[in-house]
Amino acid sequence: MIHINEFNFEDKRVIMRVDFNVPLNEKHQITDDTRIRAALPSINKILDTNGSVILMSHLGRPKEGPEEKFSLKHLVSHLSELLNKPVKFADDCIGGSANELVSSLKPGEILLLENLRFYKGETKGDEEFAKKLAALADVYVNDAFGTAHRAHASTTIIANFFPGAKMFGYLINSELDSMDTILHSPAKPLTAILGGAKVSTKINIIENLLDKVDNLIIGGGMTYTFIAAKGGNIGSSLVEKDKKDVALKILEEANIKGVNILLPVDNIVADRFDNAANTNICAADEIEDGWLGVDIGEKTIQEYIQVIENSKTILWNGPMGVFEMDNFAKGTISIADALVKATEKGAFTLVGGGDSVAAINKYNLSDKVSYVSTGGGAMLEYIEGKELPGIKAIRG
Ligand code: AMP
């Protein structure tokens, strides 16, 4: 496999898949440019070493061909500011205008192609479409981790046309490094903290992690399926009745494999799903009818902090409670703080997948943990042990 640092980009045309699927407001202004910034190191590396860059991405979910609100032209001026150089724009990702602009592209210059998903061939993984994109360049770089779990034309199929000139960009490399640290070479003890709403969406991750972790901390809405399965009273808390068997199997497997599995011992309960609800604190398995668990309690927080601060490698996915409501956010904030402390003590800490990333950003702690993943679905699938098509296309 070729590493981006070892490749000579001099006079090469590089087509690079990035994830510029950024949120835009009604005036088509970017409201969060994290994904664009994440691709800058790879773009700059190629431009600085005298290659030219052709960027391709999707934006939103256009249904039938081009739509103004999903045009990547809205990103041109901001990208140009970030790179401190002009960015050319092709109003079609294949065909006349793209070909023309590409043929006049000089070393050190950059061109952004229009939204790939204006063509159905992109999400269908169409080979002809991929071939037309491939014809624009000498080298293929994939730095779009957020779409690496999709076998689309620009993320996977296109790689076939670059047998000796395909590689990951810096973003995908660092995402893979951090996940591989957790999965294959963690300093021990290794702790996974899993929260969020449902057990059903986390079963595969738990299964894969049970062979690797020393401690598995459970929080959030999925707690109550475990507690109910063990015969506890969970009142009106979130529960997946058809997953109680799975919960029991997980507990049994953890026991057999010597994994220390931690469930909440106490909870904050509310009399309705509302920030202004009446609240109380009670033992995790003694929630009365009419009350529902919305956060982990103080005893649980202290227990969890102890384990986290004594761990050397930590993965966190999913909030500990309904953190979007301020009164039910303490558990999630405390876990985030514990992760920061563990990081300060030298632990490797990875936060990834959906709402735990939202939480760590909300509390402005993202630069105080070792790594925050940019890829929700892709990250979860990788941790589940699945082979991601976009990764396989390059790694082989
Ligand atoms: P997930 O996408 O599975 O990680 O779930 C995240 C969601 O789980 C967030 O919107 C939280 O508000 C929600 N959540 C966390 N704890 C609870 C709980 N005790 N009851 C209901 N929802 C919860």
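Residues numbered from 1 in each chain as written. Predicted model: local features only at pLDDT ≥ 70, side-chain atom pairs only at ≥ 80, totals over all residues. Heavy atoms only, no water.

## Some words on the sheet that holds strand β4 (residues 110–113)
- Taken in spatial order, the 6 strands line up as β3-β4-β2-β1-β5-β6 in an open sheet, and their pairing is parallel. Every interior strand has two partners, whereas the edge strands, β3 (88–90) and β6 (166–168), have only one. Neighbour to neighbour, the strand axes of the sheet diverge by 25° on average, direction disregarded.
- When strand β2 (residues 52–56) meets β4, the two strands line up parallel, connected through 3 bridges. When the bridges of β4 are listed, I54 appears paired with L111. (Pairing = 2+ DSSP bridges. Helix = DSSP H or I, 4+ residues; strand = E, 2+ residues; numbered from the N terminus. Axes fitted to C-alpha atoms, helices over the stretch in contact; angles between N-to-C directions.)

## Some thoughts on helix α13 (residues 376–383)
- Within α13 the residues assigned to the buried category are A378, M379, Y382 and I383. Viewed end-on, α13 has its buried residues packed into an arc of 130°, placing them on one side of the element.
- Buried-residue contacts for α13 involve α6 (170–184), α7 (203–209), β15 (313–317), β16 (348–351) and α14 (389–395).
- Phi turns positive, to about 95°, at G385, one or two residues after α13. (Buried < 20%, exposed > 50% of the residue type's maximum accessible area, 1.4 Å probe, protein only. Arc of directions from axis to C-beta. Contact = heavy atoms within 4.5 Å.)

## Considering the packing of aromatic side chains
- For the structure shown, the criterion picks out 3 aromatic pairs.
- Residues F7 and F9 carry aromatic rings whose centres are separated by 5.0 Å and whose planes lie at 55° to one another, so their mutual orientation is tilted. Taken individually, F7 and F9 each receive the classification buried, so the pair is uniform in this respect.
- A centroid spacing of 6.0 Å and a plane angle of 25° characterise the contact between Y140 and F162, whose relative ring orientation is stacked. Note that Y140 is positioned in strand β5 (residues 139–142) and F162 in the loop between β5 and β6, a separation of 22 residues in sequence.
- In this structure Y140 comes out as buried when scored by relative accessible area, which is 0%.
- Classification of F162 by relative accessible area gives buried; the value is 4%. (Phe/Tyr/Trp six-rings, centres within 6.5 Å; stacked < 30°, edge-to-face > 60°.)

## Examining the domain arrangement of the protein
- Its domain assignment divides the protein into domain 1 (13–171) and domain 2 (178–383).
- Listed as interface residues are 4 residues of domain 1 and, on the opposing side, 9 residues of domain 2.
- Buried surface at the junction of domain 1 and domain 2, both sides included, amounts to about 590 Å², of which 66% is carbon and sulfur.
- On the domain 1 side of the contact with domain 2, F145, H149 and L171 bury the most area, a combined 78% of that side's loss.
- Counting across the interface, domain 1 meets domain 2 through 0 salt bridges. (Domains from an automatic or database assignment. Buried area = accessible area lost by both parts, 1.4 Å probe. Salt bridge = Lys/Arg side-chain N within 4 Å of Asp/Glu carboxyl O.)

## Examining the site of the ligand
- Not every one of the 14 residues close to the ligand is listed here, only the nearest: A197, G293, G321, E324 and D355.
- Take A197: an N or O atom from its main chain is 2.9 Å from an oxygen atom of the ligand.
- Interatomic distance of 2.4 Å between a side-chain N/O atom of E324 and an oxygen atom of the ligand.
- Its residues assigned to classes, the shell around the ligand shows 6 nonpolar, 5 polar and 3 charged. (Near = heavy atom within 4 Å. Polar contact = N/O pair within 3.5 Å; in protein donor to acceptor, adjacent residues only side chain to side chain. Nonpolar A, V, L, I, M, F, W, Y, C, P; charged D, E, K, R; others polar.)

## Considering the side chain of H152
- Inspection of the secondary structure puts H152 in the loop between β5 and β6.
- H152 has contacts with R117, E122, T123, G125 and I157, leaving out every residue within four places of it along the chain.

## Concerning the packing of helix α1 (residues 34–48) against helix α2 (residues 76–83)
- Contact pair α1 / α2: the axes reach a minimum separation of 11 Å and the direction vectors enclose 55°. Classified by the angle their axes make, α1 and α2 are oblique. Crossing of α1 over α2 shows right-handed handedness. The segment α1 lies against α2, with I36, R37, L40, I43 and N44 engaging H78, L79, L82 and L83. (Parallel < 35°, antiparallel > 145°, perpendicular 65-115°, else oblique. Left-handed = near helix turned anticlockwise from the far one by under 90°.)

## Overview of the nonpolar core
- Core analysis: the largest hydrophobic core is formed by 65 residues, its most contacted members being I15, L113 and L133.
- Considering each element in turn, this core owes the most residues, 6 residues, to α6.
- Inspection of this core shows a minimum of three residues originating in each of domain 1 (13–171) and domain 2 (178–383).
- Apart from the residues lying within four places of it in its own chain, the contact partners of L133 are I15, M56, C93, I94, L113, L116, S154 and I158. (Core = buried A, V, L, I, M, F, W, Y, C linked by side-chain atoms within 4.5 Å.)

## Here's the deal with a negative patch on the surface
- Residues D285, E286, E288 and D289 make up a contiguous surface patch of negative charge.
- Relative to the elements of secondary structure, E286 occurs in strand β13 (residues 286–287).
- Given a relative accessible area of 52%, E286 falls into the exposed group. (Patch = residues over 30% accessible without salt bridge, like charges linked within 9 Å, V, L, I, M, F, W, Y side chains within 5 Å. Areas by Shrake-Rupley, 256 points an atom, 1.4 Å probe, with all protein chains shown as cover. Lys, Arg positive; Asp, Glu negative; His and termini not counted. Charge placed at Lys NZ, Arg CZ, Asp CG, Glu CD.)

## As for the environment of L101
- Along the polypeptide, L101 turns up in helix α3 (residues 96–103).
- Since its relative accessible area comes to 24%, L101 is described here as partly exposed.
- L101 sits 43 residues away from A144 along the chain, and the two C-alpha atoms are 23 Å apart.
- Excluding residues within four positions of it along the chain, L101 makes contact with K88, F89, A90 and L111.

## Some points on the sheet that holds strand β12 (residues 279–283)
- Taking strand neighbours across the sheet as the criterion, the 3 strands line up as β12-β11-β14 in an open arrangement whose pairing is antiparallel. At either margin of the open sheet sits one strand with a lone partner, and together these are β12 and β14 (292–296). Averaged over all adjacent pairs, the angle separating strand axes in this sheet is 40°, with direction ignored.

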